[in-house]
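# Report on the structure
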Amino acid sequence: MSDRALAAIDGVTRAYGGVPVLDEVSLSVGTGVTAVVGPNGSGKSTLLGVLAGAVEPTEGTVSYPDGAPREGGEKRVGYLPQQVPFRDGFTARETLGFYAALVDGDADAALAAVGLSDAADKRVEALSGGMRRLLGIAQATLGDPAVVVLDEPTSGLDPEMRERAFRAAARAGDDAAVVVSSHDLELVDAHADAVVVLRRGRVAAAGPRERLLDEHEVDDVDGLYRAVASGSADRPTTPDGESDAGGETDDESVHVVGVSDR
Ligand SMILES: Nc1ncnc2c1ncn2[C@@H]1O[C@H](COP(=O)(O)OP(=O)(O)OP(=O)(O)O)[C@@H](O)[C@H]1O
């Protein structure tokens, strides 16, 4: 884990129909696993979409201090969206081979990294839901992008598959900034270096996991979540219907990974 920012968003607001679902969010991420947690509808997928370059902010900027996405043909951001759009009729290896050709990646190495070598010749429609998620993680990490964005990689998976998914994310985090949204607070506790807690589209808490637990005098991420985010599964109904997200970091720039805040 290093202190170097590999992706940063600054003053990002994303509104739908005039209602902000992300509200003036600023943060930066470095190597390691950063978990984004928060109630349903708090803006996790939107934040991850912005980080991945798939969702355009209404206001604010997203930048990759280490180089723009796909600059010079190099893949800088890998993205696993919530719905994995693999096309039926192709095997796992053929599917990854297609993406690998785009980014000069190694399909077999990526399959091995998520434990899918034995399923390489299975057609994607014959894979279990869990295997498809793992294939999605493999796709997102192909070509060693500097930033890997995984939107709920463990949703619908059994405990063993969830553990595999997070272990694969953690391995990718050795060299990349891996940003993972999850409702699985135990796995976040076990694998995340840094945590961002969203509440009603704002950052309620963010920083290195250990530091946040100390600051909030809680034992684990579940305790942190209860302290800063619980009871907030609704959304503001007007653009200014929410004035206090209850977090101490609103409106501040947050550096979530590393030794020091900047
Ligand atoms: N394309 C869209 N059009 C309109 N509203 C949207 C759109 N995408 C997201 N929203 C709204 O933005 C809010 C935040 O959604 P988002 O999916 O980012 O939350 P989330 O924290 O990822 O939720 P979950 O945990 O349920 O996946 C929700 O109220 C959602 O209805």
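Below or above, wherever it landed, is the structure these notes cover.

How each quantity is defined
Residues numbered from 1 in each chain as written. Predicted model: local features only at pLDDT ≥ 70, side-chain atom pairs only at ≥ 80, totals over all residues. Pairing = 2+ DSSP bridges. Helix = DSSP H or I, 4+ residues; strand = E, 2+ residues; numbered from the N terminus. Axes fitted to C-alpha atoms, helices over the stretch in contact; angles between N-to-C directions. Contact = placed C-beta atoms within 7 Å. Near = placed C-beta within 6 Å. Nonpolar A, V, L, I, M, F, W, Y, C, P; charged D, E, K, R; others polar. Expected span 1.5 Å × (residues − 1). Buried ≥ 20, exposed ≤ 12 C-beta atoms within 10 Å, placed from the backbone. Arc of directions from axis to C-beta.

## Some thoughts on the sheet that holds strand β6 (residues 147-151)
The mixed open sheet is built from 6 strands, whose spatial order is β5-β6-β7-β3-β8-β9. Looking at which strands have only one partner, the edges of the open sheet turn out to be β5 (77-80) and β9 (202-208). Across the sheet, the axes of successive neighbouring strands diverge by a mean angle of 15 degrees, strand direction being ignored. The strands touched by helix α5 (residues 159-172) are β3 (32-37), β6 and β7 (177-181); relative to β7, the strand with the most contacts, the crossing angle is about 155 degrees.

## Points about the site of the ligand
What surrounds the ligand is a group of 11 residues, the closest being Val21, Asn40, Lys44, Ser45 and Thr46. Split by residue class, the shell around the ligand holds 2 nonpolar, 7 polar and 2 charged.

## Focus: α5
With 14 residues, α5 extends 20 Å between its outermost C-alpha atoms, agreeing within 8% with the 20 Å of an ideal straight helix rising 1.5 Å per residue. Taken residue by residue, α5 has Arg162, Arg164, Ala165, Phe166, Ala168, Ala169 and Ala172 as its buried positions. Where the residues of α5 are buried, they touch β3, α3 (107-113), α4 (129-141), β6, β7 and α6 (185-191).

## Focus: helix α2 (residues 92-103)
Between its first and last C-alpha atoms α2 spans 17 Å; for 12 residues at 1.5 Å apiece the expected length is 16 Å, and the two agree. Among all positions in α2, only Ala92, Thr95, Leu96 and Ala100 are buried. In a view along the axis of α2, the buried residues occupy a sector of 130 degrees, so they form one face of it. Residues of α2 that are exposed and point more than 90 degrees away from the buried face comprise Ala101 and Leu102. Those residues of α2 that are buried are in contact with α3 and α4. Taken from the residues just after α2, aspartate 104 is the one with a positive phi, measuring 60 degrees.

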